[in-house]
Amino acid sequence: MAKEATSGKLAGEMFEGEFQSLEEICRTDTLRVPRPIKVLPHPSGSGAVFVAEHLEMKSLRKYQSQIGTDLARLHLDNINKLEKETSEENKIGKSHKPTTVVKFGFPCTTCCGYIGQDNEWHDDWVTFYTRCRLQLQMDLIDKQYGDTETRSLWSRLQLKIPEFFEGMDIKPSLLHGDLWSGNTAETEDGPVAFDPASSYGHHEFDLAIAGMFGGFSKAFYDAYHKLIPKEKGFEERHQLYLLFHHLNHWNHFGTSYKSSSLSIMHGLLGNS
């Protein structure tokens, strides 16, 4: 499989992010993705070409349950390794260089659509999500539209965000980052996901865009939550994570996503 983009220097950054995302997911041996092969300069001299493993794929149907299980296994991979390392350190009585990811972020820029994401490493998920996901989208909207209602709602919402995570101990999970039904399929052997925009973050984040356009059945969610049960406050955080995707779509496709973005913000603020 080869993908090409001729939009200039940003094409290389976009494909490098996808390459590293696929590599990172492949290492976990959990959720199947096409194996990345190479990012090359486009023959035209502008843009890039991304070469990956060819898979014979068709629409996801009979493997809904399995992809739910595989996604949960992906999210648990780093968490389980962190817990194992902590347990071994306690037994040995001394620390060692970790082989897991202990912060939130990613080694390079990844793109959800064509917008590059700020993946600067942070110790705290709430800080990372607020600054590197929501604030970046808000800044783009403010620059393009200067919308006063959005600005006002955001000034209030960002102060409330920590409340949605009270009492939680969030450990970094490797995320697909753009797991809607259009980025999944199946082969004869099982389910496949592709076009990731990965980072290390809160596992619930991947379920937001998964439900935004439908396409995943009850079997998918049942299988996922069998391994990772919902925690208190899940529904409010789900809306908070949906907000990112509605803002991102507003920045990609225009003001048709403005009303849904504002509606989510009003809901999170309790319509106050």
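This write-up is about the structure you can find in this document. (Residues numbered from 1 in each chain as written. Predicted model: local features only at pLDDT ≥ 70, side-chain atom pairs only at ≥ 80, totals over all residues. Heavy atoms only, no water.)

1. Quick notes on the side chain of T187
For step 1, the next point in the chain: Relative to the helices and strands, T187 is located in the loop between β7 (184–186) and β8 (191–193).
For step 2, the next point in the chain: Using a relative accessible area of 7% as the deciding quantity, one classes T187 as buried.
For step 3, the next point in the chain: Of the polar contacts made by the side chain of T187, one reaches the backbone nitrogen of D189; its length is 3.1 Å. (Helix = DSSP H or I, 4+ residues; strand = E, 2+ residues; numbered from the N terminus. Buried < 20%, exposed > 50% of the residue type's maximum accessible area, 1.4 Å probe, protein only. Polar contact = N/O pair within 3.5 Å; in protein donor to acceptor, adjacent residues only side chain to side chain.)

2. Focus: the packing of helix α4 (residues 148–160) against helix α8 (residues 258–268)
For step 1, the next point in the chain: α8 packs onto α4 with a crossing angle of 40 degrees between their chain directions and a minimal axis gap of 10 Å. Between α4 and α8 lies a crossing of left-handed hand. Along its contact with α4, which presents E149, T150, L153, W154, L157 and K160, the element α8 presents L262, M265, H266 and L268.
For step 2, the next point in the chain: A class-by-class count of the residues in the contact of α4 with α8 yields 6 nonpolar, 2 polar and 2 charged. (Axes fitted to C-alpha atoms, helices over the stretch in contact; angles between N-to-C directions. Left-handed = near helix turned anticlockwise from the far one by under 90°. Contact = heavy atoms within 4.5 Å. Nonpolar A, V, L, I, M, F, W, Y, C, P; charged D, E, K, R; others polar.)

3. Side note on the packing of helix α3 (residues 125–145) against α4
For step 1, the next point in the chain: Relative orientation of the contacting elements α3 and α4 amounts to 165 degrees, with a least axis distance of 11 Å. Considering the angle they form, α3 stands roughly antiparallel to α4. Considering how the two elements wind past one another, α3 and α4 form a crossing that is left-handed. Here T130, L134, Q135, M138, I141 and D142 of α3 lie close against α4, whose contacting residues are T150, R151, W154 and Q158.
For step 2, the next point in the chain: Split into classes, the residues belonging to the contact of α3 with α4 amount to 4 nonpolar, 4 polar and 2 charged. (Parallel < 35°, antiparallel > 145°, perpendicular 65-115°, else oblique.)

4. Some remarks on the environment of D77
For step 1, the next point in the chain: With respect to the secondary-structure elements, D77 resides in helix α2 (residues 64–92).
For step 2, the next point in the chain: In this structure D77 comes out as buried when scored by relative accessible area, which is 17%.
For step 3, the next point in the chain: The sequence separation of D77 and P34 amounts to 43 residues, and the corresponding C-alpha distance is 19 Å.

5. Digging into unusual backbone geometry
For step 1, the next point in the chain: With phi around 55 degrees, D29 is a residue other than glycine that occupies positive phi space.
For step 2, the next point in the chain: According to the relative accessible area criterion, D29 is exposed, its value standing at 63%.
For step 3, the next point in the chain: Phi angles above zero are rare outside glycine, and D195 is one such case at about 50 degrees.
For step 4, the next point in the chain: Relative to the helices and strands, D195 is located in the loop between β8 and β9 (199–201).
For step 5, the next point in the chain: According to the relative accessible area criterion, D195 is partly exposed, its value standing at 28%.

6. Some points on the pattern of salt bridges
For step 1, the next point in the chain: A complete count under the given rule lists 13 salt bridges for this structure.
For step 2, the next point in the chain: Ionic pairing is found between E24 and R27, a salt bridge with its closest N-O pair at 2.4 Å. With a gap of 3 residues between them, E24 and R27 both fall in helix α1 (residues 9–28), about one helical turn apart. (Salt bridge = Lys/Arg side-chain N within 4 Å of Asp/Glu carboxyl O.)

7. A closer look at the pairing of strand β3 (residues 48–52)
For step 1, the next point in the chain: Within β3, 4 of the 5 residues are buried, which leaves the element mostly enclosed by the surrounding structure.
For step 2, the next point in the chain: Bridge analysis of strand β2 (residues 36–41) against β3 gives 5 bridges, and the strand direction is antiparallel. Bridged to V39 within β3 is F50.
For step 3, the next point in the chain: Between the antiparallel neighbours β2 and β3 lie 6 residues, among them G45 with a positive phi of about 95 degrees. (Pairing = 2+ DSSP bridges.)

8. What about the packing of aromatic side chains?
For step 1, the next point in the chain: What the rule picks out here adds up to 18 aromatic pairs.
For step 2, the next point in the chain: Arranged with centres 5.7 Å apart and planes meeting at 35 degrees, the rings of Y145 and W250 form a pair that is tilted. You can see Y145 sitting in helix α3 and its partner W250 sitting in helix α7 (residues 234–253), a full 105 residues away along the chain.
For step 3, the next point in the chain: By relative accessible area, which is 33% here, Y145 ends up partly exposed.
For step 4, the next point in the chain: Seen from their ring centres, W180 and F213 are 5.7 Å apart, and the 70 degrees between their planes marks the pair as edge-to-face. Of the two residues, W180 is situated in the loop between β6 (173–175) and β7 and F213 in the loop between α5 (206–212) and α6 (218–227); the sequence distance between them amounts to 33 residues.
For step 5, the next point in the chain: Using a relative accessible area of 32% as the deciding quantity, one classes W180 as partly exposed.
For step 6, the next point in the chain: Among the aromatic side chains, those forming a connected cluster through ring pairs are F104, W125, F128, Y129, F165, F205, Y241 and F244. (Phe/Tyr/Trp six-rings, centres within 6.5 Å; stacked < 30°, edge-to-face > 60°.)

9. A closer look at the layout of surface pockets
For step 1, the next point in the chain: Roughly 360 Å³ of volume is contained in the largest pocket.
For step 2, the next point in the chain: Along its surface, the largest pocket is lined by 21 residues, and C111, C112, G113, D178 and N183 are the ones closest to its centre.
For step 3, the next point in the chain: Counting residues per element, the ones that place at least two in the lining of the largest pocket are α1, β4 (110–112) and α7.
For step 4, the next point in the chain: Looking at the lining of the largest pocket, its residues break down into 10 nonpolar, 7 polar and 4 charged.
For step 5, the next point in the chain: The element best represented in the lining of the second largest pocket is α2, accounting for 3 residues.
For step 6, the next point in the chain: When the residues that make up the lining of the second largest pocket are grouped by side-chain class, the tally is 7 nonpolar, 2 polar and 4 charged. (1 Å grid on protein atoms, 1.4 Å probe; cavity = no way out; pocket = protein on both sides within 12 Å on 5 of 7 lines; lining within 4 Å. Points joined across faces, edges and corners; volume = space filled by probe spheres on them.)

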